[in-house]
Amino acid sequence: QVQLVESGGGLVQAGGSLRLSCAASGSVLTISSMGWYRQAPGKQREWVATITSGGSTAYADSVKGRFTVSRDNAKNTGYLQVNSLKPEDTAVYYCNANYYSYGPKIAWGQGTQVTVSS
């Protein structure tokens, strides 16, 4: 199994930045891609970004150019650098990991709150 713990959220003014972290433990060697999602109040969870084991990245159009996803395999940690924040970026941010354990599995973290004030 894989366990994920996010951190780094907080309250920031519009235009500010944060770095979100996602620490993985357990069967980390079986992790392939890691992703970030967010869920704003009253809205469905939406995909934000993904990074593969090979380092390829993909972003939602709404964050492209402002957010950067990365991972440090030596530390078993994924990161989401969020810059030029807007009030509409306010949400709970979740990371997930696709891994293999007797078949493909997905692990989710508990989420970290990002609040952007105008």
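The structure contained in this document is the topic of the report that follows. (Residues numbered from 1 in each chain as written. Predicted model: local features only at pLDDT ≥ 70, side-chain atom pairs only at ≥ 80, totals over all residues. Heavy atoms only, no water.)

Quick word on the overall build of the protein chain
Helix and strand content of the protein chain: 0 helices and 11 strands. In the protein chain, the order of α-helices and β-strands from amino to carboxyl end is β-β-β-β-β-β-β-β-β-β-β. Scaling as 2.2 N^0.38, a compact globule of 118 residues should have a C-alpha radius of gyration of about 13 Å, and the protein chain matches this with 14 Å. C-alpha atoms of the protein chain, sized along the principal axes, occupy 45 × 25 × 25 Å. Split into buried and exposed, the 118 residues of the protein chain put 42% on the buried side. (Helix = DSSP H or I, 4+ residues; strand = E, 2+ residues; numbered from the N terminus. Rg over C-alpha atoms; globule rule 2.2 N^0.38 Å. Buried < 20%, exposed > 50% of the residue type's maximum accessible area, 1.4 Å probe, protein only.)

Digging into the sheet that holds strand S1 (residues 2–7)
The strand order across the open sheet formed by 4 strands is S1-S3-S8-S7, and the pairing between neighbours is antiparallel. Strands with a single pairing partner mark the edges of an open sheet, and in this sheet they are S1 and strand S7 (67–72). Across the sheet, the mean angle from the axis of one strand to that of its neighbour is 15 degrees, orientation sign disregarded. Of the pairings in the sheet, the one linking S7 to strand S8 (residues 77–82) comprises 6 bridges and is antiparallel in character. (Pairing = 2+ DSSP bridges. Axes fitted to C-alpha atoms, helices over the stretch in contact; angles between N-to-C directions.)

Some details on the environment of Val-114
As for its placement among the helices and strands, Val-114 is situated in strand S11 (residues 112–117). Residue Val-114 is classed as buried on the basis of its relative accessible area, which comes to 1%. As a C-alpha pair, Val-114 and Gly-8 span 106 residues in sequence and 8.5 Å in three-dimensional space. The residues contacting Val-114, other than those within four sequence positions of it, are Gly-9, Gly-10, Leu-18, Leu-20, Asp-89, Thr-90, Ala-91 and Tyr-93. (Contact = heavy atoms within 4.5 Å.)

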